[in-house]
Amino acid sequence: MASLSSNSHQAEKQRVLSQDRLPKSTREIEVIPAFRRRSSVSFDDGNLAILAGQSYILVHRGFICRHSAYLAELAENLKSDSCIRLEGRPVLELKEPAEDVSLLFHALYDGVTTLFQQSTNLRIAFVLFRLSSTYHIEKLRSEALAFLKKGWPSSLGQWDRRERHVPRFDSDFARAMLLPHPIAVINLARRFNAPELLPAALYELSRYPPSLASAGLFDPHDGLHHVLTLRDLTCLLRGRESASRFLSTFMVNELEGRKPSSACRKRSDDHPDRWRECQGAFDLVTFELLCDVNGVVIGRTSDPLFAMLEAVNMQAHLGDEGAWNLYRPCDVCRDEFAATVHDAREHFWRKLPEWFGIDVPGWG
Ligand SMILES: [Zn+2]
């Protein structure tokens, strides 16, 4: 990579702005915008200036054109006699935030490996997917989409991994700076034809209160207010209802009044008082889940995948010495229930596209 710009003073002298580009009222006083060369991705031997907002970078036209026929066409259409020049180079102006354009060319020149190792990796992938789709940079688009699928995956196993690793945020602002909001992801997927992101993004959004989902949100990162289309809001509410109904049915059929296994170990216990302990454990788990469904656990009131997993996790610990975990049945009953929950969650995941009204080939 080239060194930083030799100096901004020299760049200022070399900057030429066509008079035709200025409003008539300002031609006489020759107001020249203060374009600033960004040092992060810019090359002294570059032969094309990329301008975004009030800043620009110098890049290699042949390299850029090799990645994108669309950018090649834009560069080809620059008229040498009328276009503005920066440091003597023709200028291709992109209508995107300067930070995002800088990120795009950083990814093109250096690859995405180091970018995706940052804590804001999903935010970075979001921006790169949007820009690479806009400018038809296919290889980068594929890489960004593959990474976005870590956040909004197609399989339940990947979703569970995501849930373990995505941090909980104290505020919407903190979340927005690190992680794109599901509404923004849904709109991005619709705009640039990535339906495989939609079921997980809609499921994530279905965990929010419907009033928040319908009101949309302001994203401090891009300064935009994101709202769902009426079509997607309808899909969201229908899917949310179907998911909630699935959980209710699961609780009635598989948990409420659940009988011990035919091989329950406590049935052979010498103490008759212990014969009903496994059923009692399931009754307690049912009660806890009903409490959650009724809104005791804030933020988890409409997350059936989490609720079903919690039903198993409650039974995981043996308990403290002298204080047996009352939610824990015997190992046989617990293993049978865990297998039931596993199958139910997989079934639930496979149904997401249908519930949200989306056609995703190869889902799950
Ligand atoms: Zn048992």
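Before reading further, recall that the structure is shown in the block above.
Worth saying up front: this structure is predicted, and the values here are computed from it rather than measured.

The rules behind these values
Residues numbered from 1 in each chain as written. Predicted model: local features only at pLDDT ≥ 70, side-chain atom pairs only at ≥ 80, totals over all residues. Helix = DSSP H or I, 4+ residues; strand = E, 2+ residues; numbered from the N terminus. Buried ≥ 20, exposed ≤ 12 C-beta atoms within 10 Å, placed from the backbone. Contact = placed C-beta atoms within 7 Å. Axes fitted to C-alpha atoms, helices over the stretch in contact; angles between N-to-C directions. Parallel < 35°, antiparallel > 145°, perpendicular 65-115°, else oblique. Nonpolar A, V, L, I, M, F, W, Y, C, P; charged D, E, K, R; others polar. Pairing = 2+ DSSP bridges. Core = buried A, V, L, I, M, F, W, Y, C linked by C-beta atoms within 7 Å. Expected span 1.5 Å × (residues − 1). Left-handed = near helix turned anticlockwise from the far one by under 90°.

K.L.:
What is the right way to read the overall build of the protein chain from this model?
P.N.:
Of the regular secondary structure elements, the protein chain holds 16 helices and nine strands. Taken over 364 residues, the protein chain has a buried fraction of 30%. Across the protein chain, the fraction of contacts at a sequence separation of at least 24, relative to all contacts at a separation of at least 6, is 61%.

K.L.:
What is the right way to read the packing of helix H5 (residues 98-110) against helix H6 (residues 121-134) from this model?
P.N.:
The relative placement of two packed helices is expressed as an angle between their axes plus a distance between the axes. Look at H5 against H6: their axes get within 10 Å of each other, and the N-to-C directions meet at 85 degrees. Accordingly, the angle class assigned to the pair H5 and H6 is roughly perpendicular. Each of Asp100, Leu103, Leu104 and Ala107 in H5 lies in contact with H6, whose residues at this interface are Ile124, Val127, Leu128 and Leu131. Counted by class, the contact of H5 with H6 contains seven nonpolar, no polar and one charged residues.

K.L.:
Even after reading the chapter, I still don't get the pairing of strand S2 (residues 48-52), so can you show me in this structure?
P.N.:
On any regular strand, side chains alternate: one points to one face of the sheet, the next to the other face. Burial runs high along S2: four of the five residues are buried. Following S2, the chain reverses through two residues before pairing antiparallel with strand S3 (residues 55-59); Gly53 in that reversal takes a positive phi of roughly 60 degrees. With three bridges connecting them, S2 and strand S5 (residues 89-93) associate as parallel partners. Note that in S5 the partner of Ala49 across the bridge is Val91.

K.L.:
Before we go on, may I ask you to explain the sheet that holds strand S4 (residues 85-86) in this structure?
P.N.:
Adjacent strands of a sheet form backbone hydrogen bonds with each other and so pair up, either parallel or antiparallel. Pairing in this open sheet of five strands is mixed, and the strands run S1-S3-S2-S5-S4 from one edge to the other. The sheet terminates laterally at strand S1 (36-37) and S4, the two strands that pair on one side only. As paired strands, S4 and S5 are joined by two bridges and run antiparallel to one another. For Arg85, the partnering residue across the bridge sits in S5 and is Pro90.

K.L.:
Help me understand helix H10 (residues 182-191) in this model?
P.N.:
Residues spaced three or four apart along an α-helix face the same direction, because each turn holds 3.6 residues. Where burial is concerned, most of H10 is hidden: eight out of the ten residues are buried. Tucked inside the fold, the buried residues of H10 contact H6, helix H11 (198-206), strand S6 (217-219), strand S7 (224-226) and helix H13 (230-255).

K.L.:
Would you explain the nonpolar core in this entry?
P.N.:
Across soluble globular proteins, you tend to see nonpolar side chains buried next to one another. Ranked by size, the top nonpolar core spans 78 residues in total, and within it Ile50, Leu128, Ile186, Leu197, Ala201 and Leu202 carry the most contacts. Discounting residues that sit within four places of it in the chain, Ile50 has contacts with Tyr56, Ile57, Val59, Leu92, Leu94, Val101 and Phe105.

K.L.:
Help me understand the pairing of S3 in this model?
P.N.:
Of all the five residues making up S3, four are buried; the element is thus mostly covered by neighbouring parts of the structure. Bridge count between S1 and S3: two bridges; the pairing is parallel. Paired with Arg37 across the strands is Tyr56, a residue of S3. For S2 and S3, the ladder comprises five bridges, and the chain directions are antiparallel. Along S3, the bridge assignment pairs Ala49 with Leu58.

K.L.:
I'm lost on H13 in this one. Help?
P.N.:
If you check H13, its first and last C-alpha atoms are 37 Å apart, about what 26 residues at 1.5 Å a residue would give, namely 38 Å. Every buried residue of H13 is listed here: Asp232, Cys235, Leu236, Gly239, Arg240, Ala243, Phe250 and Met251. In the segment just after H13, Gly257 is the residue with positive phi, at about 65 degrees.

K.L.:
Got a minute to help me understand the packing of H10 against H11 in this structure?
P.N.:
The interhelical angle for the contact between H10 and H11, taken along N-to-C directions, is 155 degrees, at an axis separation of 9 Å. Our classification of the angle between H10 and H11 gives roughly antiparallel. For H10 against H11, the interelement crossing comes out left-handed. Contacts from Pro182, Ile183, Val185, Ile186 and Ala189 in H10 reach Leu198, Ala201, Leu202, Glu204 and Leu205 in H11.

K.L.:
Can you help me understand the environment of Asp219 in this one?
P.N.:
Here Asp219 is to be found in strand S6. Asp219 gets classed as partly exposed once you count the C-beta atoms within 10 Å, which come to 18. It is 8.7 Å that separates the C-alpha atoms of Asp219 and Ala184, two residues lying 35 residues apart in sequence.

Function cannot be read off these values alone, since they describe shape.
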